[in-house]
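Per-entry structural report
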Amino acid sequence: MLLQVEQPKCLRGDNLRDWLQKTLAPHFPADSLHSIIPREWEAKGESRFFCSIDVDTPISVVDLIAREVKEHSRGDHHHFYADDVLAAAQGAGVVSGGWYWLYCTW
């Protein structure tokens with residue numbers, strides 16, 4: 001018996017990071033940087049991570065800003081968890097609902 005192989009929906013982290021930077025620009029100072037970081041249980045290496053994200057409930061950009069990971073943010077460099085960013089992207093209508101794999105490098 002052969003196992004069935006499916007093609008997952010995979011998002012490139014740089015595309016999501018570009019969306020995040022443009023979307024948050026009006027809410028932060030002009031020089032601000034915005035990073036997408038993994039939760040501690042997601043697979044990660046020195047300069048990349050790969051995670052599965054299932055968005056149950058979309059959130060707004062305002063909700064995303066409220067969920068900034070303050071303990072990682074310094075000055076004008078703001079950090080947000082990948083699942084929160086994808087939920088906000090879904091709330092903004094730039095991705096459809098459901099389950100995704102996200103591959104981020106930096």
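Residue positions are given per chain, counting from 1 as you read along its sequence in written order. Given that this is a predicted model, residues contribute local features only at a pLDDT of at least 70 and side-chain atom pairs are listed and counted only at 80 or more, while totals for whole chains, interfaces and linings are drawn from all residues. The basis for the side-chain values is all heavy atoms of the structure; hydrogens and waters are excluded.

**With respect to the overall build of the protein**
- Working definition: helices are DSSP H or I runs of at least four residues, strands are E runs of at least two. Numbering for both runs from the N terminus. The secondary structure content of the protein amounts to 3 helices and 6 strands.
- The order of helices and strands in the protein, counted from the N terminus, is β-α-β-β-β-α-β-α-β.
- Against the 2.2 N^0.38 benchmark of 13 Å for 106 residues, the protein shows a C-alpha radius of gyration of 14 Å, consistent with a compact globule.
- Under the scheme applied here, a residue whose accessible area is under 20% of the maximum for its type counts as buried, over 50% as exposed, and between as partly exposed, the area being computed with a 1.4 Å probe on protein chains only. Here the protein, with 106 residues, has 39% of them falling under the buried criterion.
- Computed with the Shrake-Rupley method and a 1.4 Å probe, the accessible areas treat only the protein chains shown as cover for residues. Roughly 6,800 Å² of accessible area belongs to the protein as shown, and the carbon and sulfur atoms make up 54% of that amount.
- Here the protein contributes 10 positive and 15 negative side-chain charges, whose respective centroids are spaced 3 Å apart. Between the two quantities, the radius of gyration covers C-alpha atoms and the globule rule is 2.2 Å times the number of residues to the power 0.38. Under this rule, positive means Lys or Arg and negative means Asp or Glu; His and the chain ends count for nothing. To locate a charge, take atom NZ for lysine, CZ for arginine, CG for aspartate or CD for glutamate.

**Focus on the pattern of salt bridges**
- One speaks of a salt bridge when a side-chain nitrogen belonging to Lys or Arg is within 4 Å of a carboxyl oxygen belonging to Asp or Glu. Considering all chains together, one arrives at 5 salt bridges under this definition.
- Arg12 is the partner of Asp14 in a salt bridge, and the nearest nitrogen-oxygen pair spans 2.6 Å.
- Judged by its relative accessible area of 51%, Arg12 is exposed.
- Residues participating in the shared-partner salt-bridge network are Arg39, Arg67, Asp83 and Asp84.

**Considerations on the pairing of strand β2 (residues 33-37)**
- With respect to burial, β2 is a largely interior element, 4 of its 5 residues being buried.
- As judged from the 5 bridges shared by β2 and strand β5 (residues 77-81), these two strands associate in the parallel manner. From the neighbouring strand, His34 faces β5, where its bridge partner is His78. Here, strands pair whenever DSSP counts at least two bridges between them.

**A closer look at helix α1 (residues 13-24)**
- In a helix, the anticipated span is given by 1.5 Å times the number of residues less one. A rise of 1.5 Å per residue sets the reference length of α1, with its 12 residues, at 16 Å; its end C-alpha atoms lie 16 Å apart and thus fit the reference within 8%.
- Working rule for contacts: check all heavy atoms of both residues, and any pair within 4.5 Å makes them a contact. For α1, the secondary structure elements touched by its buried residues are β1 (10-12), β2, α2 (61-66), β5, α3 (82-91) and β6 (98-105).

**Some points on α3**
- Most of α3 sits out of view: 8 of its 10 residues are buried.
- Listed in full, the buried residues belonging to α3 are Ala82, Asp84, Val85, Leu86, Ala87, Ala88, Ala89 and Gln90.
- Gly93, located one to two residues past α3, shows a positive phi value of around 85°.

**Let's talk about the packing of α1 against α3**
- Lines are fitted to the C-alpha atoms to define the axes, a helix being fitted only along its stretch in contact, and any angle between axes, read from their N-to-C directions, falls within 0 to 180 degrees. Axis separation between α1 and α3 bottoms out at 11 Å; the angle between their running directions is 70°. Taken as axis vectors, α1 and α3 run roughly perpendicular relative to one another. Classified by chirality, the crossing of α3 by α1 is left-handed. On the side of α1, the interface is formed by Leu16, Trp19 and Leu20, while α3 contributes Val85, Leu86, Ala88 and Ala89. Oblique is the label for any angle not covered by the other classes, which are roughly parallel (under 35 degrees), roughly antiparallel (over 145) and roughly perpendicular (65 to 115). For a crossing to be left-handed, the near helix must be turned anticlockwise from the far one by less than a right angle; the clockwise case is right-handed.

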